[in-house]
Amino acid sequence: MIKSALITGITGQDGSYLAEHLLAQGYTVHGLVRRASMFNRSRIDHLRTGGQISPERLVLHYGDLNDLTSLRRLLKQVAPAEIYHLAGQSHVGLSFEIPEVTVQENGMATLGLLEAMRDLDYPVRFYHAASAEIFGAPAAAPQNEATAFNPVNPYGCAKAFATQLCRVYRSAYGVFACSGIAYNHESPRRGENFVTRKITLGAARIKAGRQAVLALGNLAGQRDWGYAPEYVVAMWQALQVATPRDYVLATGKSCSIREFAIAAFAELGLGLKFEGEGVAEVGRRTDTGAVVVQVDPRFFRPAESTHLVGDASLARQELGWAPQVTGAAVARLMAKADFAHEQKVAG
Ligand code: GDP
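J.: I'd like a description of the nonpolar core, backed by residues and values.
T.: In summary, soluble globular proteins display a tendency toward joint burial of nonpolar side chains. Membership of the largest hydrophobic core comes to 38 residues, with the highest contact counts inside it found for I7, L22, V29, Y84, Y127, Y247 and L249. At the level of secondary structure, the elements contributing two or more residues to this core comprise β1 (4-8), α1 (13-24), β2 (28-33), β5 (125-131), β6 (176-182), α8 (228-238), β11 (247-249) and α10 (313-319). Broken down by element, the residue count for this core peaks at seven residues, all from α8. When residues no more than four places from it in sequence are discounted, the contact partners of L22 are A5, I7, Y27, V29, Y84 and W236. If you look at the next biggest cluster of nonpolar residues, it comprises 29 residues, including I206, L214, L216 and A264.

Okay, here's the thing in structure tokens:
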């Protein structure tokens, strides 16, 4: 039987890779897209225009997480076997500026979907894209599924709320709901306002002579950075098990923003040297002596998550999932992709 899946957030980084993965597994994929005055489908255009995927196998539906009546109608119409709920305001820094939208989309909309699932008269499996941000500033590292929630920003609060609700609906109503507690995962499709992409795009444009300076915030932070195409496989695997549970999805390796930047610039043949301490720290290109990385307080956050590094032993044992690409390797492949794009545009 052909399985069908519904992806909320199909036009995002993870949604687009997940759509590719599910299509390769033979699924019919339905995607929820927001009606907007500008199309924002560049990450899935290749799937829709390449001619390899028939339009019946990849179907886009207009809908909005804030309009649960239409979502319920869509669930009835599509009757997916699996729902991957990836949509929502995903930028931590921005969540301090638009906390209500962030909590509405990441928290309340997830609750609305869980409620809608309770009322369905057919079985459906639900993946909730949780985040390492639910741990915020944890007491110990690495974190696993048993680590206490301690979010330090509105985004993390919303994800913690939704993660706990998935647990409640699982135990109270027997809903097949699972949260993937994913640590940062990046790719050339990452949004340009995330620090990884900002760095690799900056490095590519500086190399191409189209940008002079890269302004960043806190360089000292560390993240457990993985490669998004590997993470979407775990999302799918998490819904193929007999009993739903939550999984930490992480590489287990920590890399600082500074190290990430050095690796990205080095991939393009640019040396980067850091001078000074703390906020005054800046990067210099070693070949020209020019300052290319500037610390700009505009990009500082009111509070920073700390010590976020994950222990994905459970996912390894139960799903056989073992991510290969980490930290500096992610930086290198993103810088390479961004520079190749720069050259294509220029050429
Ligand atoms: P997050 O882990 O989901 O918040 O992913 P981000 O890529 O947005 O941020 C990762 C880390 O990079 C955080 O500690 C930020 O404070 C830090 N950072 C430093 N400079 C910047 C910047 O210019 N933009 C962003 N987005 N983050 C920055």
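From this point, the discussion proceeds with the structure in view.
J.: Before we move on, can you summarise the site of the ligand with the specific residues and values?
T.: Around the ligand sit 16 residues, and of these K198, G217, R223, R301 and E304 come closest. Residue G217 places a main-chain N or O atom 2.7 Å away from a nitrogen atom belonging to the ligand. In this structure, R223 approaches the ligand through a side-chain N or O atom, which is 2.7 Å from an oxygen atom. A total of 530 Å² of accessible area belongs to the ligand in isolation, and the protein chains cover 96% of it. For the shell around the ligand, the per-class residue count stands at six nonpolar, five polar and five charged. For the shell around the ligand, the domains that each give at least three residues are domain 1 (4-188 + 225-253 + 305-326) and domain 2 (195-219 + 257-304 + 335-346).

J.: Describe the state of the cysteines, with residues and values.
T.: For the coordinates displayed, the defined rule picks out zero disulfides. Note on C157: no disulfide assigned, nearest cysteine sulfur contributed by C166 at a separation of 16 Å. For C157, a relative accessible area of 39% translates into the label partly exposed.

J.: Lay out helix α9 (residues 257-267) with the relevant residues and their values.
T.: Taken together, the buried positions of α9 are I257, F260, A261, A263, A264 and F265. Where α9 is buried, its residues touch α7 (195-207), β8 (214-216), β12 (255-256), β13 (272-275), β15 (291-295) and α11 (327-346). Positive phi shows up at G269, right after α9, with a value of about 80°.

J.: So what's going on with the packing of helix α3 (residues 68-78) against helix α5 (residues 99-118)? Which residues, and what values?
T.: For the pair α3 and α5, interaxial distance at closest approach is 10 Å and the crossing angle is 40°. It follows from the interaxial angle that α3 and α5 lie oblique. With respect to the hand of their crossing, α3 and α5 are arranged in right-handed fashion. Facing α3, whose interface residues are L68, L71, R72 and L75, α5 presents A109, G112, L113, E115 and A116. The residue makeup of the contact of α3 with α5, split by class, is six nonpolar, one polar and two charged.

J.: Explain α5 to me, and be specific about the residues and the numbers.
T.: Compared with the 28 Å implied by 1.5 Å per residue over 20 residues, the 28 Å span of α5 between its first and last C-alpha is a close match. A maximum bend of about 30° is found in α5 at E105. Buried residues of α5: T102, E105, N106, G107, A109, T110, G112, L113, L114, A116 and M117, and no others.

J.: Explain the environment of F260 to me, and be specific about the residues and the numbers.
T.: Tracing the sequence through the fold places F260 in helix α9. By relative accessible area, F260 is classed as buried at 0%. In this structure the C-alpha to C-alpha distance between F260 and E56, which are 204 residues apart in sequence, comes to 41 Å. Contact partners of F260, with chain neighbours within four places excluded, come to T196, I199, T200, W225, C255, G327, V330, A331 and M334.

J.: Tell me about the domain arrangement of the protein, residues and numbers included.
T.: Taken as a whole, the protein is organised into domain 1 (4-188 + 225-253 + 305-326) and domain 2 (195-219 + 257-304 + 335-346). Relative to domain 2, the C-alpha centre of domain 1 lies at a distance of 30 Å. With eleven residues of domain 1 in contact, the opposing surface of domain 2 contributes ten residues. For the pair domain 1 and domain 2, the summed buried area comes to about 860 Å², and 65% of that belongs to carbon and sulfur atoms. Contact with domain 2 buries area across many residues of domain 1, yet F96, P188 and W225 alone supply 54% of it, more than any other trio. Counting every contact that joins domain 1 to domain 2 gives zero salt bridges. Taken together, domain 1 and domain 2 are joined by two residue pairs in polar contact (both at pLDDT 80 or more). Sorting elements by how many residues they give to the side of domain 1 that touches domain 2 places helix α4 (residues 92-97) first, with three residues. Residues of the side of domain 1 that touches domain 2, tallied by class, amount to five nonpolar, five polar and one charged.

The rules behind the values
Throughout this description, residue numbers start from 1 for each chain and increase along the sequence as written. Reporting in this predicted model follows two pLDDT cut-offs: at least 70 for local features of residues, and 80 or more for side-chain atom pairs to be given and counted; totals over whole chains, interfaces and linings ignore these cut-offs and use all residues. Excluded from the side-chain calculations are hydrogens and water; all other atoms, namely the structure's heavy atoms, are used. Remark: nonpolar core denotes a set of buried residues (Ala, Val, Leu, Ile, Met, Phe, Trp, Tyr, Cys) joined through side-chain atoms within 4.5 Å. Partly exposed describes any residue whose relative accessible area lies between the buried limit of under 20% and the exposed limit of over 50%, with all areas from a 1.4 Å probe on protein chains only and scaled to the type maximum. Here a strand is any run of E in DSSP of at least two residues, a helix any run of H or I of at least four, and the numbering for each starts at the N terminus. Should any heavy atoms of two residues lie within 4.5 Å, those residues are considered in contact. Proximity is defined per residue: any heavy atom of the residue falling within 4 Å of a molecule or strand makes that residue near it. Polar contacts, as used here, are pairs of N or O atoms within 3.5 Å; protein pairs need one atom able to donate a hydrogen and one able to accept it. Residues neighboring in sequence count only if both atoms are side-chain atoms. Reported accessibility uses the Shrake-Rupley method at a 1.4 Å probe radius. Residues are deemed covered only where the shown protein chains occlude them. Gly is placed with the polar residues, together with every amino acid not listed as nonpolar (Ala, Val, Leu, Ile, Met, Phe, Trp, Tyr, Cys and Pro) or charged (Asp, Glu, Lys and Arg). Segment limits for the domains were obtained from an automatic or database-derived domain assignment. For this text, the term disulfide refers to a pair of cysteine sulfurs within 2.5 Å. Here an angle of 0 to 180 degrees is reported between the N-to-C directions of two axes, which are lines fitted to C-alpha atoms, with helices fitted over the stretch in contact. Just so you know how the angles are binned, under 35 degrees is roughly parallel, over 145 roughly antiparallel, 65 to 115 roughly perpendicular, and the rest oblique. It is the rotation of the near helix from the far one that decides the hand of a crossing: anticlockwise by less than a right angle makes it left-handed, clockwise makes it right-handed. How far a helix is expected to stretch is found by multiplying one less than its residue total by 1.5 Å. Given a residue, its bend is the angle between the two axes fitted to the seven residues that end at it and to the seven that start from it. Buried area, as used here, totals the accessible surface that two parts lose on assembly, with accessibility defined by a 1.4 Å probe and the loss added over both. Just to be clear on terms, a salt bridge is a Lys or Arg side-chain nitrogen sitting within 4 Å of an Asp or Glu carboxyl oxygen.

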